[in-house]
Amino acid sequence: MSAHILLVEDEPRLARFIELELGYEGYKVSVANDGFTGLTHARELQPDLAILDWMLPGLSGVEICRRLRATGDKVPVIILTAKDEIGDRVAGLDAGADDYVVKPFSIEELLARVRAHLRRTQDEESETLQFIDIVLNRRTRQVHRRDRPIDLTAKEFDLLEYLMAHPQQVLTRDQILEKVWGYDFMGDSNIIEVYIRYLRLKLEAQEEKRLIQTVRGVGYVLRES
């Protein structure tokens, strides 16, 4: 599904130009021409990214950003402005803006900034992995099965994370050793089997369905039997 971008710009020709260029890139675009409408759209439409002109009728782009951040809205915000003083940039960033593009600008630069912020957001969202009823949080390193917390050692967590990042995919022993233990691992040749057993004991402690399957002669896969 294409990303949804909110553009708040009061200069009609520039707004139309940016809207068309974003559309050519495959984005869904909503446009507002004043600050109050822009703020309403941001709250109601929940876009994936907002491009806000600094100088707008009603509310400035910086004030829109400030009000969004005050309510906990973390939508990425790019400010468009003719202001190029350091103090102005600091004011915009202090209001919670993620980026700052000075007019006149090349559309290629703006599109590159849009791609970068959308990619960063997607990366942050992927901090949580889920397969069936197992949920793993990469940032907090917590794991739950249904509502039950599962206490894992660091290496157990790393192994489960690798499996959950590649669901339904058969992973060979060599792949697992390389990604979880590293190229230079010189320990027990049965280390993977040992840790798979540890994981299964913890994930199936209340007789839950087995999800880590053995593929004989190859390796392991996370899937329903």
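Every chain's residues receive numbers from 1 upward, in the order its sequence appears when written. Under the rules for a predicted model, residues below a pLDDT of 70 receive no local features and side-chain atom pairs below 80 are neither given nor counted, while totals for whole chains, interfaces and linings still include all residues. Excluding hydrogens and water, the side-chain values take into account all heavy atoms of the structure.

J.: Even after reading the chapter, I still don't get the sheet that holds strand β10 (residues 171-172), so can you show me in this structure?
T.: By definition, the strands of a sheet pair up through backbone hydrogen bonds, in either a parallel or an antiparallel sense. Pairing between strands requires that DSSP locate at least two bridges from one strand to the other. Segments assigned H or I by DSSP are reported as helices when at least four residues long, segments assigned E as strands when at least two residues long, and all are numbered from the N terminus. Across the sheet, which stays open at both edges, the three strands sit in the order β10-β12-β11 with antiparallel pairing between neighbours. The outermost strands of the open sheet, each flanked by one partner alone, are β10 and β11 (212-215). In the sheet, β11 pairs with strand β12 (residues 219-222) via four bridges, with the strands oriented antiparallel. Across the sheet, the residue bridging to Gln 213 is Val 221, located in β12. Along the sheet face, helix α8 (residues 191-203) touches β11 and β12 and points at about 150° away from the line of β11. Should any heavy atoms of two residues lie within 4.5 Å, those residues are counted as being in contact. Between N-to-C directions, angles cover 0 to 180 degrees, with each direction set by a line fitted to C-alpha atoms, over the stretch in contact for helices.

J.: Help me understand the packing of helix α6 (residues 154-164) against α8, please; the structure alone is not making it clear to me.
T.: Helix packing geometry: the angle between the two helix axes and the distance between the axes. Their axes nearest at 10 Å, the elements α6 and α8 cross at an angle of 85°. Comparing the axis directions of α6 and α8 gives the class roughly perpendicular. Taken together, the residues of α8 that come into contact with α6 (itself represented by Lys 155, Glu 156, Leu 159, Leu 160 and Leu 163) are Tyr 195, Ile 196, Tyr 198, Leu 199, Lys 202 and Leu 203. Three classes are used, and their members are as follows: Ala, Val, Leu, Ile, Met, Phe, Trp, Tyr, Cys and Pro are nonpolar, Asp, Glu, Lys and Arg are charged, and the others, Gly among them, are polar. Per-class residue counts for the contact of α6 with α8 are eight nonpolar, no polar and three charged. Angles are sorted into four bins: roughly parallel if under 35 degrees, roughly antiparallel if over 145, roughly perpendicular if 65 to 115, and oblique for all others.

J.: In this structure, what is going on with the sheet that holds strand β9 (residues 148-150)? I would like to understand it.
T.: Here four strands make up an open sheet; going across it, the order is β6-β7-β8-β9 and the pairing antiparallel. Two strands in the sheet have a free side with no partner beyond their single neighbour: β6 (128-131) and β9. Averaged over all adjacent pairs, the angle separating strand axes in this sheet is 20°, with direction ignored. In this sheet, β9 lies alongside strand β8 (residues 142-145) in antiparallel orientation, the contact comprising three bridges. Residue pairing in the sheet places His 144 in a bridge with Pro 149 of β9. Taken strand by strand, α6 contacts β6, β7 (134-137) and β8, and its axis lies near 115° from that of β7. Sitting on the sheet, α8 is in contact with β7, β8 and β9, with an inclination near 160° to β9.

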